[in-house]
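Spelled out, the chains give:
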Amino acid sequence: QVQLVESGGGLVQPGGSLRLSCAASGSIFSINAMGWYRQAPRKQRELVASITSGGTTNYADSVKGRFTISIDNAKNTVYLQMNSLKPEDTAVYYCKSDLRRSVLDRIRDYWGQGTQVTVSS
């Protein structure tokens with residue numbers, strides 16, 4: 001079993017900051033990459049940011065310069081520092097990990113349960 005547990009969501013005023021964390025645990029052989037996605041009401045889930053175990057990052061244009069993704073490989077944990085938050089950042093944020101459970105396993109996607117981020121005055 002593999003579990004991804006997110007934390008750090010909440011209510012924040014426009015212009016404020018939040019830091020999301022996601023820890024992967026269980027039967028993990030290696031992690032290839034981790035990332036954050038979000039889904040707002042009546043919208044499709046979209047990529048926010050991703051990072052490989054080697055540190056290569058990718059950001060959605062809408063968050064570049066405001067959000068920073070980082071990874072702690074020793075803790076199998078990914079972070080998302082969100083600054084200058086806007087009301088349009090309001091969504092459920094999901095963590096995803098691409099990982100192998102054993103040396104013989106292929107890379108599979110695992111998802112967290114999601115954490116709500118609400119940006120409102």
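A short tour of the structure in this document, coming up. Owing to the predicted nature of the structure, the values given are computational and were not obtained by experimental measurement.

Glancing now at the sheet that holds strand 7 (residues 67-72). One open sheet accounts for 4 strands, arranged 1-3-8-7; its pairing is antiparallel. With partners counted over all chains shown, the strands left at the sheet margins are strand 1 (2-7) and strand 7, one partner each. Taking the axes of each pair of neighbouring strands and ignoring which way they run, one obtains an average angle of 15 degrees across the sheet. As judged from the 6 bridges shared by strand 3 (residues 18-26) and strand 8 (residues 77-82), these two strands associate in the antiparallel manner. Each residue of the ladder has a partner; that of A23, found in strand 8, is T77.

Of the strand pairs in this sheet, strand 1 and strand 3 are connected by 6 bridges, and their pairing is antiparallel. Within the sheet, the bridge partner assigned to L4 lies in strand 3 and is A24.

Turning our attention to the environment of G15. In this fold, G15 is placed in the loop between strand 2 (10-12) and strand 3. On the basis of relative accessibility, which here comes to 54%, the residue G15 falls in the exposed class. Distance in space between the C-alpha atoms of G15 and L85 is 4.9 Å, their sequence separation being 70 residues. Each residue touching G15, except ones within four places of it in the same chain, is listed here: S84 and L85.

The rules behind these values
- Residues numbered from 1 in each chain as written.
- Predicted model: local features only at pLDDT ≥ 70, side-chain atom pairs only at ≥ 80, totals over all residues.
- Heavy atoms only, no water.
- Pairing = 2+ DSSP bridges.
- Helix = DSSP H or I, 4+ residues; strand = E, 2+ residues; numbered from the N terminus.
- Axes fitted to C-alpha atoms, helices over the stretch in contact; angles between N-to-C directions.
- Buried < 20%, exposed > 50% of the residue type's maximum accessible area, 1.4 Å probe, protein only.
- Contact = heavy atoms within 4.5 Å.

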